[in-house]
Each structure stands twice: as structure tokens, then as C-alpha cells.
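Coordinate inspection notes
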Amino acid sequence: MRKVISVDRKRLPTEQDEAVIVNRWHPDIPMIAEVKPGESFRVECFDWTGGQINNDDSANDIRDVNLAPCHHLSGPVGVTGAEPGDIIVVDILDIGVFDDERWGYTGIFSKEKFGGFLTDYFHKTAKAVWDFNGIFATSRHIPNLRFAGLTHPGIVGCLPSHELLKRWNDREAALIATDPKRVPPLALPPNPQDVILGKLKGAALEQAAREGARTVPPREHGGNCDIKNLCRGSRIYLPVYVKGGGIVVGDLHFSQGDGEITFCGAIEMSGWVDMHVDLIKGGCNKYGIGQAMFQPGPVDPNYSDYLVFEGISVEDDGTQRYLDVTLAYKQACMNAVNYLKKFGYSGEQAYTILSCAPVEGHVSSVVDIPNACVAVQIPTAIFDFDIRPNAKGPSRQVKTSDLAFET
Ligand code: ZN
């Protein structure tokens, strides 16, 4: 397997021998490598923070993390012959961790650090460290739990064109303008602080740093889509917007629940990803595709028994909302959190389990006015005790432990 991008994790992302790291989306970033249609190759990646989080029992690193440079991504890799309007077909052949770094982490962030999906319920900064044993993950911070990971890249996409980048920046600026002082913010405007854009230098770098789109939201090109089933064997169809396409990948996740709800909500890891590329010339027009498309791989943890928590569009104070799927999802998550607490888990542990384990989130109905109905499905087999309800009450209290908090 030809390795087209190597990272040296002993050195900072800004101090790599080759300028293989980018942390904004911009059309002018020069390709760092080129591959041909039909070729397979390996790309190495930092974890999304670029090595800021430690394998320890304090959440001070989560509290103090510098989010201005995030995410640290690898690329862009150009595909020979790719032109705007084509589709690059990316097969995820394999993903792995580095031998000397068989661990990952999950963080709960404060509102000042963008919060998370349940940030109104969970204010404390916290961290869980996970150990990897082959395909399995366990955490000393969350006892009585073990599951198989569906390892996947949180972020993959091609570089946007100037026109597409302007569209992103304009529409997100308009949203921010509706409530510019909100905490957490409604969206993140371009921010030149700590920008890394590969081989771009001088005035071109300065201009791109002022314009480059942040990597947090998923957009038309794919980007931070955080699809938990984009595991080994998946195929990704990426629209091409600039010559060569420019595949950028990173933010590797050992495992994630649907929704990635704590924000830093997957099991974040550094590692490598093996990809194969092909090209569909003129594919965007041929198939009427303007947005990335995905075909999840045939590999899935074989969990068949789930406990399903329902959520509907009703606020905690009883106010009825109209077909609000987001609210319904929050309610379903909180129903699950409150249930798991009855077995001895802390709220933060339960929140993290929903965020990291192979938990399914389904939109069940959006037509039954006034309530949307969503389902959060927890596989029962990931716990080493029976979590199903019975007449005797919660069957077992979990071992005493908790997430790592600020010290
Ligand atoms: Zn991530």
C-alpha cells in the first residue's frame, strides 16, 4: 500500500516535514499528493485536536483545548484527471490505530466550547478514555460496558470551488447575524487564528485564512458528516469542484452513536485509513448529484436486541411543538439517560454511552401532527448485565467510577 501522507505525532501539526495538514476548506490549497483512478493508498491522520488530549484522569485538557485550529485533517490528495462535475468514488478499504496509540477519548464540552446536543442538561467538562482491544472498546471511566467499534472517518470531502465556498460563508454569516452573541454560537465564521493550509504560503495563505470555511459543519461536499456506518467497506461518492478534486480526510472515530451527541462525541483517535479511488466522468450531471452520497459497508456489529427509547416534540415544561424532530431526539436521549442512571451510571456516563456506543437513532414519523417521533435504540448486549426492565426493579448497580472531570 503506497503511503501518500505520513504524520509525525511526536511533533506538532504545524511542524511536520511535509505540509500534510489542513484545518479549513479552501479551493486554493495545493495538492500534497496525487493518485490515479484505480489506485489504493494509505493516509495517516492526527486525532481531530492534533494531539491536544492525553490518556489520563483529568478533563483539564478538554477544558483548555484550543478549538481555533480544529479539525486537523490530512490532504488534499488530488486524483489524476478529476475535473469539476466529476464524481470521485472513494472506497474505505481499512482503518486502523497506530501500534503505540491503542486508545481514544470522548469529551463533554462546556457551552463556551460549543457545548453539545444536551448542553442545557450537562454543564460539566468531562472526559472518558477508551482502550482498544482489536475491534472492542472499554473504558476505565465507564464500567460494565464493552462493545465492537464501527471505525470510520468523521470527515471526508473534496475542496470546494470559490463559488461554493462563498455560498457557504454567505449563508452561515446570515444565520450568525440573527443572534451574533449567542453562547454557544449558531455557526462559526472564518477565523484566521491558527489556520494551517498545507503548502499555501505568503499573501495567498493570508487571503485563504480569512476566507476558509471552518471544518465543523457537514456541507454539500460531505465534510464533517459523522456518519457512524461509514466503516470499512463503505463507498463514498464525492462531487468534484476543483481540478484534481482534493480529497481531505481525518477526524477518525473508533466508534460513534447516531448523532454524536456530546459534540466531541465519538471515540476520537489518531490512525490511518486505506482508500481506493475511481472516477465517474461527468457523474454529477449523469446522476443529478450535487451532494456527497454514501454506501455503507457490509460490516456491522451483529447486535440484534435493542431497548428503544421514544421521544416526541414536547418541551420539558409541557409546551407542545409542531413536528420538531430535534426536540424529539433530545427527549428520547434524556429518557435513555434517566433510565441508565437507575442502574448506577452518572448522567455524564449515560450521555457518553449514547454518544459513543453503536446506538441507533431513527426518525420514526414526521407526519403525525403535532408530534414527530424519534427512536434512540441501545443494544442490550453492550452491557455485562441485563438492562431490561422487570418486576424486581433495576437488576444491578454498576461498579463505582465516573468520567474524568476538571481538577
Ligand atoms: Zn470526531
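Below is a short write-up of the structure. (Residues numbered from 1 in each chain as written. Predicted model: local features only at pLDDT ≥ 70, side-chain atom pairs only at ≥ 80, totals over all residues. Heavy atoms only, no water.)

This part covers helix H2 (residues 162-177). Here H2 contains 16 residues, and its C-alpha end-to-end distance of 22 Å stays within 8% of the 22 Å for a straight helix at 1.5 Å per residue. Packing partners of the buried residues in H2 comprise helix H3 (202-211) and strand S12 (218-219). (Helix = DSSP H or I, 4+ residues; strand = E, 2+ residues; numbered from the N terminus. Expected span 1.5 Å × (residues − 1). Contact = heavy atoms within 4.5 Å.)

Bringing the sheet that holds strand S1 (residues 2-5) into the picture now. Taking strand neighbours across the sheet as the criterion, the six strands line up as S1-S4-S17-S6-S14-S18 in an open arrangement whose pairing is mixed. Edge positions in the open sheet fall to S1 and strand S18 (293-295), since each of these has one partner strand only. Each adjacent strand pair in this sheet contributes to an overall mean axis angle of 30°, direction not counted. As paired elements, strand S6 (residues 87-96) and strand S14 (residues 235-239) share five bridges and run antiparallel to each other. Paired with aspartate 91 across the two strands is arginine 235, which belongs to S14. (Pairing = 2+ DSSP bridges. Axes fitted to C-alpha atoms, helices over the stretch in contact; angles between N-to-C directions.)

Turning our attention to the coordination of the zinc ion. Every protein donor of the zinc ion is listed here as Asp251 (OD), Asp251 (OD), His253 (NE2), Glu268 (OE) and Glu268 (OE), and their distances to the metal cover 1.9 to 2.7 Å. One chain supplies every donor to the zinc ion, and in sequence these donors are spaced D-x1-H-x14-E. With aspartate 251 in strand S15 (residues 247-253) and glutamate 268 in strand S16 (residues 263-268), this pair connects stretches of sequence that are 17 residues apart. One exposure class covers both aspartate 251 and glutamate 268, and it is buried. (Donors = N, O, S within 2.8 Å, 3.2 Å for Na, K, Ca; no water. Buried < 20%, exposed > 50% of the residue type's maximum accessible area, 1.4 Å probe, protein only.)

This part takes up the pattern of salt bridges. It is possible for side chains bearing opposite charge to pair when their charged atoms get close. Inspection of the entire model under this criterion finds 27 salt bridges. Here glutamate 83 ties to lysine 281 by a salt bridge, and the two come within 2.9 Å at their closest N and O atoms. Remark: lysine 281 occurs in the loop between strand S17 (271-280) and helix H4 (283-287) and glutamate 83 occurs in the loop between strand S5 (73-79) and S6; sequence separation between them is 198 residues. Owing to a relative accessible area of 41%, glutamate 83 belongs among the partly exposed residues under this scheme. Residue glutamate 163 is joined to arginine 167 by a salt bridge in which the shortest nitrogen-to-oxygen separation is 3.0 Å. Residue glutamate 163 and its partner arginine 167 are both found in helix H2; the two are separated by four residues, about one turn of the helix. (Salt bridge = Lys/Arg side-chain N within 4 Å of Asp/Glu carboxyl O.)

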